[in-house]
Amino acid sequence: MFSRAIKPVTSVAAQNGLKKFSTTSQKNFKVVVAGAAGGIGQPLALLLKQNKLVTKLALYDIAPVTPGVAVDLSHMDTPAKVTGHQGPDQLADAIKGADVVVIPAGVPRKPGMTRDDLFNTNASIVRDLAACVAKNSPKAIVAIITNPVNSMVPIASEVMKKAGVYDANRILGVTTLDVVRAAAFIGEINGVDPQTVSIPVIGGHSGVTIIPLLSQSKPAVKLSDQAKIDALTQRIQEAGTEVVKAKAGGGSATLSMAYAGARLTGSVLRGLNGESNVVECAYIKSDLTEATYFANPVVLGKNGVEKNLGFGQLNDYEKKLLKAAIPELQKNIKTGEDFAKK
Ligand SMILES: NC(=O)C1=CN([C@@H]2O[C@H](COP(=O)(O)OP(=O)(O)OC[C@H]3O[C@@H](n4cnc5c(N)ncnc54)[C@H](O)[C@@H]3O)[C@@H](O)[C@H]2O)C=CC1
Ligand SMILES: O=C([O-])CC(=O)C(=O)O
């Protein structure tokens, strides 16, 4: 007689590669990308559509192409249900029920500009998006990509405070691209797979505020003299400008940023989903230094930032970098707070 093999029932979590979880810990998440039609937004949405923890993916932008981007992505054979929302009238609908709102909305740099030069245009964009999150999904984790990140996170925080829904653990500035770049460059120098490199990058996300802790790299960076350490540090600090120059007026980093943004969002979701020991660097409210917002490794959990892991021992060179970063960070933070309080 023909005997049929009984196929074991595989949990959704196991199918997702999250084998240590039972189906009871599995949650489905709604992720919103605000600025979804842009250079970062489109590839970020493409990557998030492939994340199996995402069951709803809402794409918001003011650009007319936005509904089309959503239709395009909706033809991918992955579970996330994609919706497109164009213009301020459709923003609340996009935001409602969100677990995570990722914000790459705003203008990018052209050669010769600093990130701070973007402030005047981008500040009101982030303020208005944060106000809508405060009203429609106050518990959502907000991940801000828009530059200047150092000032945008304080703006969003002040908006949340005004609305009475502020939770410092739920507002993150995305500095993941600095970590990704540091790992890429160290991987190249050491001749190893960059994915095996672990390197904290602390401080903020512009010029001297980007502080790669090369002394804490695992594996150790194979650079013997201080001049080479200095050159690598400066390359990481100026990597955004390297892309801006190479694109020659066509914008700033988009694809590597989408990759980094998808990684950070994926980590936030894994934390929300109950996975333990999910660690990423992020720019958050902080009392570790005189700068009231600061990036360093944090543990992500069910409520966003679960634990601030600090930044450990710095060598003398890194202490100098930190000293140079603090006044710049303080200035950037004040600019953001003053704007939001107006
Ligand atoms: N945190 C980081 O590491 C990085 C941050 N960035 C920043 O990300 C931002 C976006 O860069 P790109 O995607 O290259 O720019 P982009 O110009 O290609 O796209 C921006 C999108 O934002 C949309 N937008 C403008 N105002 C909006 C509003 N009020 N609501 C919703 N959407 C709105 C635009 O229609 C556009 O589709 C820039 O500020 C850039 O400096 C870029 C790279 C790395
Ligand atoms: O440099 C820029 O303007 C965009 C950015 O933040 C980066 O690539 O790190």
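Note that the coordinates shown come from a computational prediction; the quantities given were computed from them, not determined experimentally.

1. Notes on the packing of helix α6 (residues 149-162) against helix α11 (residues 316-341)
Remark: α6 packs on α11, axes separated minimally by 7 Å, with the N-to-C direction vectors making an angle of 35°. In terms of crossing hand, the pair formed by α6 and α11 is right-handed. In this structure, α6 uses Asn150, Ser151, Met152, Pro154, Ile155, Glu158 and Val159 to contact α11, whose residues at the interface are Leu329, Asn332, Ile333, Thr335, Gly336, Glu337, Phe339, Ala340 and Lys341. Broken down by class, the residue content of the contact of α6 with α11 amounts to eight nonpolar, five polar and three charged.

2. Here's the deal with the nonpolar core
In this structure, Ala143 and Ile144 are the most contacted members of the largest nonpolar core, which totals 103 residues. Among residues more than four places away in sequence, those in contact with Ile144 are Ile103, Val126, Val149, Met152, Val153, Ala156, Leu172, Gly173 and Val174.

3. As for the site of ligand 1
Taken together, the neighbourhood of ligand 1 is formed by 32 residues, with Gly38, Gly39, Ile40, Ala105 and Asn147 sitting nearest. Breaking the shell around ligand 1 down by element, the ones donating at least two residues are β2 (54-61) and α5 (119-136). Its residues placed into classes, the shell around ligand 1 shows 18 nonpolar, twelve polar and two charged.

4. Considerations on the site of ligand 2
In the vicinity of ligand 2, the contacting residues are Pro108, Arg109, Arg115, Asn147, Leu177, Gly240, Thr241, Val243, Val244, Ser252 and Ala253. At four residues, helix α9 (residues 239-247) tops the list of elements feeding residues into the shell around ligand 2. Here the shell around ligand 2 is built from residues that sort into five nonpolar, four polar and two charged.

5. Observations concerning the UniProt feature "domain: Lactate/malate dehydrogenase C-terminal" (unreviewed entry) in the chain
Annotation from UniProt places "domain: Lactate/malate dehydrogenase C-terminal" (unreviewed entry) at residues 175-339. Taken end to end, residues 175-339 comprises 47% helix and 17% strand; its first and last C-alpha atoms sit 22 Å apart.

6. Here's the deal with the packing of helix α7 (residues 176-190) against helix α10 (residues 255-272)
Direction vectors running N to C along α7 and α10 enclose 110°, while the axes themselves pass 8 Å from each other. With respect to their mutual orientation, α7 and α10 come out roughly perpendicular. Like other packed secondary-structure pairs, α7 and α10 cross with a definite hand, here right-handed. Contact with α7, carried on its side by Thr176, Leu177 and Val180, involves Ser256, Met257, Tyr259, Ala260, Gly261, Arg263 and Leu264 of α10 and no other residues of that element. Its residues assigned to classes, the contact of α7 with α10 shows six nonpolar, three polar and one charged.

7. Regarding α11
Helix length check: α11 (26 residues) gives 38 Å between terminal C-alpha atoms against 38 Å at 1.5 Å per residue, within 8%. Its axis deflected by about 25° at Ala325, α11 carries its strongest bend there, up to four residues before the proline Pro327. Within α11, the full set of buried residues consists of Glu318, Leu321, Leu322, Ala325, Leu329, Asn332, Ile333, Gly336 and Ala340. Considering only its buried residues, α11 is in contact with α5, α6, β7 (201-203), β8 (210-212) and β10 (293-301).

8. Focus: helix α3 (residues 66-74)
Of all the residues in α3, the buried ones are Thr66, Val69, Ala70 and Leu73. Angularly, the buried residues of α3 cover 100° about the axis, an arc narrow enough to put them on a single face. Taken together, the buried residues of α3 touch α2 (41-48), β2 and β3 (81-86).

9. Some thoughts on the pairing of strand β4 (residues 100-103)
Because side chains alternate across β4, one face comprises the buried residues Val100 and Val102, and the other comprises Val101 and Ile103, equally buried. As defined by bridge partners, β4 adjoins strand β5 (residues 141-144) across four bridges and the pair is classed as parallel. Bridged to Val102 within β5 is Ala143. Read as a crossover between parallel neighbours, the route from β4 over α5 to β5 is right-handed.

10. Structural notes on the pairing of strand β1 (residues 29-34)
Counting buried residues along β1, six of its six residues qualify, which places the element largely inside the surrounding structure. Side chains Phe29, Val31 and Val33 of β1 all project onto a buried face; the interleaved residues Lys30, Val32 and Ala34 project onto the opposite face, where all are buried too. By the bridge criterion, six bridges tie β1 to β2 in an arrangement that is parallel. Across the sheet, the residue bridging to Phe29 is Val54, located in β2. Crossover β1 to β2 through α2 is right-handed. In this sheet, β4 lies alongside β1 in parallel orientation, the contact comprising three bridges. Residue pairing for β4: Val31 is matched across the bridge by Val100.

Calculation rules
- Residues numbered from 1 in each chain as written.
- Chains lettered and ligands numbered in written order.
- Predicted model: local features only at pLDDT ≥ 70, side-chain atom pairs only at ≥ 80, totals over all residues.
- Axes fitted to C-alpha atoms, helices over the stretch in contact; angles between N-to-C directions.
- Helix = DSSP H or I, 4+ residues; strand = E, 2+ residues; numbered from the N terminus.
- Left-handed = near helix turned anticlockwise from the far one by under 90°.
- Contact = placed C-beta atoms within 7 Å.
- Nonpolar A, V, L, I, M, F, W, Y, C, P; charged D, E, K, R; others polar.
- Core = buried A, V, L, I, M, F, W, Y, C linked by C-beta atoms within 7 Å.
- Buried ≥ 20, exposed ≤ 12 C-beta atoms within 10 Å, placed from the backbone.
- Near = placed C-beta within 6 Å.
- UniProt positions renumbered as here; feature names shortened; annotations may be inferred.
- Parallel < 35°, antiparallel > 145°, perpendicular 65-115°, else oblique.
- Expected span 1.5 Å × (residues − 1).
- Bend = angle between axes of the 7 residues up to and from the residue.
- Arc of directions from axis to C-beta.
- Pairing = 2+ DSSP bridges.
- Right-handed = clockwise from strand over helix to strand, strands pointing away.

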